[in-house]
Each structure stands twice: as structure tokens, then as C-alpha cells.
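Summary of the model geometry
Here is how the chains run, residue by residue.
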Amino acid sequence: MEYGKSKADLLEKFHMGQCDNAYEFFGCHKIDEGKYVFRVWAPHTRQAWLTVFKSGAEELLPMRSLTDGESFEAVAPVSAGTRYGYTMETFDGRRLYKADPYAFCADSAKQRLSVVCDLPKPSEYPQIFTEQPHYMQPINIYEVNLLSWKRHSDNSFYTYAELEKELVPYVKEMGYTHVEFMPVTEFPFEGSWGYQVTGYFSVTSRLGSPEDFKRLIDAFHANGIRVLIDWVPAHFPKDDWGLYEFDGQPLYECPLWDNMEHCGWGTRKFDFGRGEVNSFLLSSARFFFDIYRIDGMRVDAVASMLYLDYDKPAGEFTPNEYGGNINLKAVEFIKNLNTSIKKLYKGALTFAEESTSFNGVTKKVSDGGLGFDYKWNMGWMNDVLFYCRQDPYFRNHHHNKLTFSLMYAFSENFVLPLSHDEVVHVKGSIVNKMPGEYADKFAGERSLMGFMFAHPAKKLNFMGYELAQFKEWDYKTGIDFCLLEYELHAKMQQFIKALNLFYRKNTPLFEIDNSWDGFKWLVVDDKYNNLLAFSRYDKNGESITAVINFSGVDLSGYRIGIDKGRYALVFNTDDKAYGGSGKIRKKIYLTEKQTCNEKEYSIKLDIPKLTCMYLKKQK
């Protein structure tokens, strides 16, 4: 690393919150064969020692204070694989034992210890970029928990190397454009699913080494699949060996009582008003782009960062300087994060998991926005899943749940997410949310997917839905690939694959996701038949019309007003190949001069229950 004029210059940037490559200075770095330098920021420490573990013995090496008076450094003759940590004495005489916040690897047996680790060499495969703007491209994300996609017969984890051999070809074969990993940063509590992070620069050692993780990403890139990771800058757990009151006092967390804790999660909030914390987090984000060549990141729990009163009763927060509830320091951090990523990595994408109506999440920072590329559309997800849980007989009372999303669909750049959060905690798996008998549940999932892929916005689905897995996701086991022995489950997988490939090949479904130019309602208000119909358009005016019968009965001779022409049935969720009834036999539909839905021309359709049809206008 080039330190500029001196360490003092770098430390000044670090303290000001302007150092987005602090991982190249702090932590453990090789300076010679068999010799490493260790640096840590701990301003409330009287004395610090580097604690090295060799052959079961513990050795304490004194660390010297650096020029800022807040950081410490030691040089030690160690080798890669050596376990280490920091021992610190506070000014009130306590001794603390801490892992390295900037460690590149953690000990798998006792994650409270850090491991001396040489970083992988630069990747052979860079991030995947195209000249066409991302918002005009198909984005279809397969969300994966790497620890529970598959397990061995003894329930042990698949390693990064094994995932390279099995997950990569699976994602490619199924036709996804992107894969998203739930947090891969080191975490102690498996029940947190990785969202309570202790190692912001360490990929979890449960599955292998940093080199193994890099090869997994390389393999995805070699197969044309882009890699996204979940990243958690909102909060961290209170394990005593982690960031929690790191040097005996609140340091990474906000010291103010009303902005210190995420009470609902039992975690600590990062202090975005502290320059060193901003440098730490900015450097963590940059690290995964620099070293592993990821293509983007989804920022977790953005709403909890934006609002001072998030998950708090009225009156239990201090308003900002303008009397409002917005965390202005967090807003500034998010803008800096997105600005930094866009400046350094051409084509990199950032996604916000943001569940409120906060304005401008995906507007450019220069235009006053937060600068994300996409926002998860949590409103669409909640409304549509609520609707799908209803018995078709009662769905007419909730028709607006299907249509309301178009009131705001173009206010942000959205991703439609059916994520891991929707298939846990007694919410039911996707197929098991559907009412009705056995076959109806499968038809219900297929019709939901048909609606989702025709609806404006990019797509994300969590692993297991493609198998029509009945049980909820369990982080302690793999998903039920054994279900593919059964016909309807195997056909559901083939349906998802076919839908993924159809989506990628048909520009009207993705080219104009952000304006009314790409969407037109045909039937919006037929709540009594539980039916929707709309057309999607590409920039050349080509169209695909989606017709979805969400009712529990077949609709015969249903007339839809549409532009004059000849329409071909190009996709049908009721196809026998996908587990449907195969009732739709007609392939070509000619318009008739009969007024319907304020259109001069119309077509007449027979639509089986719980079926989505795609019609393509022929030239």
C-alpha cells in the first residue's frame, strides 16, 4: 500500500472518515517472509498487546502507540495460519480480549480468534460489465444461503470448492443472471443467518479459505453470472470479543443511549457520526470489490439506518437538528458509500433493502438521492403474498393488493423480492402459502411467478421455491432436492427454468421497467373474476401481453380489448410440461372487431383457473 507522505496522513484521513481503503493499513499485513505487522485502533486503551497463539501457548507482545495517539502497532515473526488477537488494558484497569476488526480470516473452531492470512491474488475474472445500461437488462437473482443450499448426508456444510462444482452449474442451467449470497462475512451465531457480523473483512471460514471463496466467484464470472453479496452496515452483535465496546467504551457503536441499541434485534448500532467508523465501513465495502471482484451488494436494513425512531416508542429518540426523525449522519454515510462505489467500479450495482416511503432511494446523489441502483419493493411483496394466501373465493375483496403497486411502480428503480424472510417464522413456503388442494398449490405458485415476471421491475427469488418445497427454509439443513423424485416438483423446477429463459430472451419484459412507456393496463378492475391483463413493451414497440386468472374456476370465452392484430400464445403456466392441466390448445388468436375495455378490437380466451398466459403480437 502507498501510504502517501506518512502514516500520519493516512491516519488523518481515517479519523476524518475519508479513508475507504483502511484495510490496507489496519489489521495484519505481511512485510517480509515470516514477519507481519499488526495495527489496531483503540483510543481508550492505556496499553495494548498483540496476543499470538503458537503450539497451544499464548504469547503477549507489546504494541507501540502510533502518531495519532489512538492506534497501536506491533511487528511479529509469525506465519500464515497463526491465530492471534489483541489484549487491551483500559484506563480503569480492565483487561479486554478482542479479535481483530480488520482480520481477513477467523478461526473456525473459536471465531473469537483471528487468523494470519495472506489475501488472494487479483482475480483472473473481473466484474462482468456491459455497455448497455443495467436498467435495460434482464436481472433475475437467485438468492442463496451458502451454508444451507446443500448439506452432506451427515449434515456438514458444502465447502466453497464443492459449491463451485455444484452451485455454479446449477445457477447457470436454471437461467439466472445473478446470484446473491446472504452474508458471507464471519459471524458467530448461525441463527442470525449471517446478519450479526463480527468479521467485516473475513469470509466465513466454515466453508473454506479466502482463496476458495475467490475461486467460487471466479467460477460464476467464467459462466457469465454476476455475483452480489448481502452487506450489513446497520448493526453488529454484542459478543464481548467483537466490536462491542471495543476498547472498554462505546467506540464503533453510538454512545448516546437513545441511538446505541437495536432493541428488537439485541444488537448495537454503528455510529455514523464518527469518522473512523465511516472509514471502517467504507473500507469493508470496498474490500469485497477490490479483492473478490463482486459485481454488487445489497445493503441490509437500510430503513433502520435512516430513521432515528426506527423500532422505538414515541418520545424515546432525540430528533435531529431540524427536529425531524431522519438520521442525517447515516444519510450522509449512505451517499458517500454509493458515490465511492460508483467512482471506483464501473457497472457495480447497489441494492437497498428499504421498507418505507423514503424519497429518492434510487435517485442519483447529485440529484439529492441516496444513490442506490435499486430498491427492494417490499410493498409489492407484502400485498401480493397477502392476496395469494386468500382462498380464490374471497380474493375479489382484495383485488387492489394486485394493482396498487402500479401506483408507485416507477417512483424508484425496483426489484421484486420473494426473499428468505418470506419463507420462515411460520409464514410458509411459497407453494404452501397457496390455498387449495395439492395441484392447486402448484398452479398457484406458477400463476404468481407468471405475474411477477411480467410485472415491471427486476426479480429476486430465494432458493427452494424452484422445487416447490413445502417446508419453510431451515438454516440448519439443505433445501429438499429429494423432492425432484416426484413429478410435480420436478415439473416446477422445469417451469422455473423455462420462465427464467423466456424472461431473458424477451425484451418487453425487462427493457422498460422504469416508466409507463413499458406498461399498459388492459383489464385492471375485474375483481369478480380475479383477473388481470396488461401489456409490456420494449423500446421498439414490441409487446407481450400477460393475462392471469387468479380465480378458482376456469373462465371460458373471456373477452379482452387489445390492439388489432394476430397474437401467438408463447408461454402458458398451465402447460402439462410444467404440471398443468394442458387445457389450452389454441396457439393463435386473431382480434375481432368487437368493443371491449374501451378498445375497438378484442380477443376471446379460454383461461384455466390459476393460470398465466403470455401472448406476443405477431408482425
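Residues numbered from 1 in each chain as written. Predicted model: local features only at pLDDT ≥ 70, side-chain atom pairs only at ≥ 80, totals over all residues. Heavy atoms only, no water.

1. Digging into the pattern of salt bridges
Rules: By definition, a salt bridge exists where a carboxyl oxygen of Asp or Glu is found within 4 Å of a side-chain nitrogen of Lys or Arg. Put simply, DSSP marks the helices as runs of H or I at least four residues long and the strands as runs of E at least two long, and each gets a number from the N terminus on.
For the structure on display, the rule yields 38 salt bridges. Across the pair Lys 214 and Glu 211 runs a salt bridge whose closest N-O atoms are separated by 3.4 Å. Highlighted residues: Lys 214 and Glu 211, both in helix 3 (residues 210-222), separated by three residues, approximately one helical turn. It is possible to trace a salt-bridge network through shared partners that takes in Glu 211, Asp 212, Lys 214, Arg 215 and Asp 218.

2. Some points on the nonpolar core
Heads up, the condition is: Joining through side-chain atoms within 4.5 Å is the link that ties buried Ala, Val, Leu, Ile, Met, Phe, Trp, Tyr and Cys residues into a set, and such a set is a nonpolar core. Burial here depends on accessible area, computed with a 1.4 Å probe over protein chains only, as a share of the maximum for the residue type. Under 20% is buried, over 50% is exposed, and the range in between is partly exposed.
Residues Phe 38, Tyr 142, Phe 181, Tyr 200, Tyr 252, Met 449 and Tyr 614 are the most contacted members of the largest nonpolar core, which totals 174 residues. Counting 18 residues, the second largest nonpolar core, distinct from the first, contains Val 523, Ala 533, Tyr 558 and Ile 584.

3. A look at the sheet that holds strand 1 (residues 27-32)
Which entries qualify depends on this criterion: Two strands are said to pair when DSSP picks up at least two bridges between them.
Strand order in the open sheet formed by four strands is 1-2-6-5, with antiparallel pairing between adjacent strands. The sheet is open, and its two borders are formed by strand 1 and strand 5 (64-65), each paired with just one other strand. Of the strand pairs in this sheet, strand 5 and strand 6 (residues 71-76) are connected by two bridges, and their pairing is antiparallel. Paired with Ser 65 across the bridge in strand 6 is Phe 72.

4. A word on the sheet that holds strand 17 (residues 267-269)
Spatial ordering of the open sheet is given by 15-17-16, a layout of three strands whose pairing is antiparallel. Across the chains shown, the open sheet's two edge strands, defined by having one partner strand only, are strand 15 (235-236) and strand 16 (261-262). In terms of strand pairing, strand 16 meets strand 17 through two bridges, oriented antiparallel. Note on strand 17: the bridge partner recorded for Glu 261 is Arg 268.

5. A closer look at helix 10 (residues 438-454)
To keep things clear, this is the line we draw: Multiplying 1.5 Å by the helix residue count minus one yields the expected span of that helix.
With 17 residues, helix 10 extends 25 Å between its outermost C-alpha atoms, agreeing within 8% with the 24 Å of an ideal straight helix rising 1.5 Å per residue. Burial within helix 10 is extensive, with 15 of its 17 residues counted as buried.

6. Let's talk about the pairing of strand 2 (residues 35-41)
Of all the seven residues making up strand 2, six are buried; the element is thus mostly covered by neighbouring parts of the structure. Note: strand 1 against strand 2, five bridges, orientation antiparallel. Counterpart to Lys 30 in the pairing with strand 2 is Tyr 36. With antiparallel pairing between neighbouring strands as the criterion, strand 1 and strand 2 make up a hairpin whose turn holds two residues, including Gly 34 at a positive phi of roughly 75 degrees. Relative to strand 6, strand 2 runs antiparallel, the two being bridged by six bridges. When the bridges of strand 6 are listed, Val 37 appears paired with Val 75.

7. Re the packing of aromatic side chains
Filter applied, for reference: Pairs were defined over the aromatic rings of Phe, Tyr and Trp, the Trp ring being its six-membered one, requiring ring centres within 6.5 Å. Orientation was assigned from the angle between planes: stacked under 30 degrees, edge-to-face over 60, tilted for the rest. Criterion for a charge above a ring: Lys NZ or Arg CZ within 6 Å of the ring centre, and within 35 degrees of the ring normal.
One pass over the structure, following the stated rule, counts 62 aromatic pairs. Ring geometry for Tyr 438 and Phe 470: centres 5.8 Å apart, planes at 15 degrees, overall stacked. Taken together, the positions of Tyr 438 in helix 10 and Phe 470 in the loop between strand 22 (458-462) and helix 11 (487-505) put the pair 32 residues apart, joining distant regions of the chain. Taking the relative accessible area as the measure of exposure, Tyr 438 reaches 45% and is therefore partly exposed. Using a relative accessible area of 24% as the deciding quantity, one classes Phe 470 as partly exposed. Positioned above the aromatic ring of Phe 187 is the side chain of Arg 206, whose terminal nitrogen or guanidinium carbon lies 4.1 Å from the ring centre. Looking at Lys 401, its charged tip hangs above the ring of Phe 386, at a distance of 5.0 Å from the centre.

8. Considerations on unusual backbone geometry
Positive phi, close to 60 degrees, is recorded for Arg 293, a residue that is not glycine. Within the element layout of this structure, Arg 293 appears in the loop between helix 4 (275-292) and strand 18 (296-299). Judged by relative accessible area, Arg 293 falls into the partly exposed class, the value being 22%. Its identity as a non-glycine residue notwithstanding, Asp 311 has a phi of 55 degrees, on the positive side. Of note, Asp 311 is situated in the loop between helix 5 (302-306) and helix 6 (328-344).

9. What to know about the pairing of strand 19 (residues 349-352)
Side-chain alternation along strand 19 places Leu 349 and Phe 351 on one buried face and Thr 350 and Ala 352 on a second face that is also buried. In the sheet, strand 18 pairs with strand 19 via four bridges, with the strands oriented parallel. Bridged to Arg 298 within strand 19 is Phe 351. Bridge count for strand 19 against strand 20 (residues 374-376) is two bridges, and the pairing is parallel. If you follow Ala 352 over to strand 20, its bridge partner there is Lys 375.

10. Section: the environment of Asp 606
To be explicit about the condition: Contact between two residues is taken to exist if any of their heavy atoms lie within 4.5 Å; hydrogens are not considered.
As for its position among the elements, Asp 606 is in strand 29 (residues 602-607). When the C-alpha atoms of Asp 606 and Ser 556 are compared, they prove to be 4.4 Å apart, with 50 residues separating the residues in sequence. When neighbours within four sequence positions are excluded, Asp 606 is seen to be in contact with Leu 555, Ser 556, Gly 557, Ile 584 and Met 613.

11. A closer look at the state of the cysteines
This is how the line gets drawn: The term disulfide is used for any two cysteine sulfur atoms that are within 2.5 Å.
In total, this model carries zero disulfides according to the counting rule given. In this structure Cys 19 is not part of a disulfide, and its nearest cysteine sulfur, from Cys 28, lies 18 Å away. Given the relative accessible area of 2%, Cys 19 is considered buried. Unpaired in this structure, Cys 596 has its nearest cysteine sulfur neighbour in Cys 612, at a distance of 18 Å.

12. Description of the packing of helix 2 (residues 160-174) against helix 11
Heads up, the condition is: In this analysis, axes come from line fits to C-alpha atoms, helices being fitted only over the stretch in contact, and the angle between any two N-to-C directions falls in the range 0 to 180 degrees. Angular relationships are summarised with four words: roughly parallel below 35 degrees, roughly antiparallel beyond 145, roughly perpendicular across 65 to 115, and oblique for the angles in between. Amino acid classes used here: Ala, Val, Leu, Ile, Met, Phe, Trp, Tyr, Cys and Pro are nonpolar; Asp, Glu, Lys and Arg are charged; the rest, including Gly, are polar.
Packing of helix 2 against helix 11 brings their axes to within 8 Å, and their N-to-C directions diverge by 65 degrees. Accordingly, the angle class assigned to the pair helix 2 and helix 11 is roughly perpendicular. Touching Tyr 170, Glu 173 and Met 174 of helix 2 are Gln 493, Ile 496, Lys 497 and Asn 500, all from helix 11. Along the lines of polarity and charge, the residues of the contact of helix 2 with helix 11 split into three nonpolar, two polar and two charged.

13. So, the packing of helix 7 (residues 378-389) against helix 10
Stated formally: Note: crossing handedness is left-handed where the near helix turns anticlockwise from the far helix by less than a right angle, and right-handed where it turns clockwise.
Across the interface, helix 7 lies against helix 10 with an axial gap of 12 Å and an inter-helix angle of 155 degrees. The pairing of helix 7 with helix 10 is recorded here as roughly antiparallel in orientation. Handedness of the helix 7/helix 10 crossing: right-handed. Only Leu 448, Phe 451 and Met 452 of helix 10 make contact with helix 7, whose side of the interface consists of Trp 380, Val 384, Leu 385 and Cys 388. Across the contact of helix 7 with helix 10, the residue classes break down as seven nonpolar, no polar and no charged.

14. Focus on the side chain of Asn 396
By the secondary structure assignment, Asn 396 is in the loop between helix 7 and helix 8 (400-403). Beyond its immediate stretch of four places on either side in the chain, Asn 396 contacts Lys 527, Tyr 528 and Asn 530.

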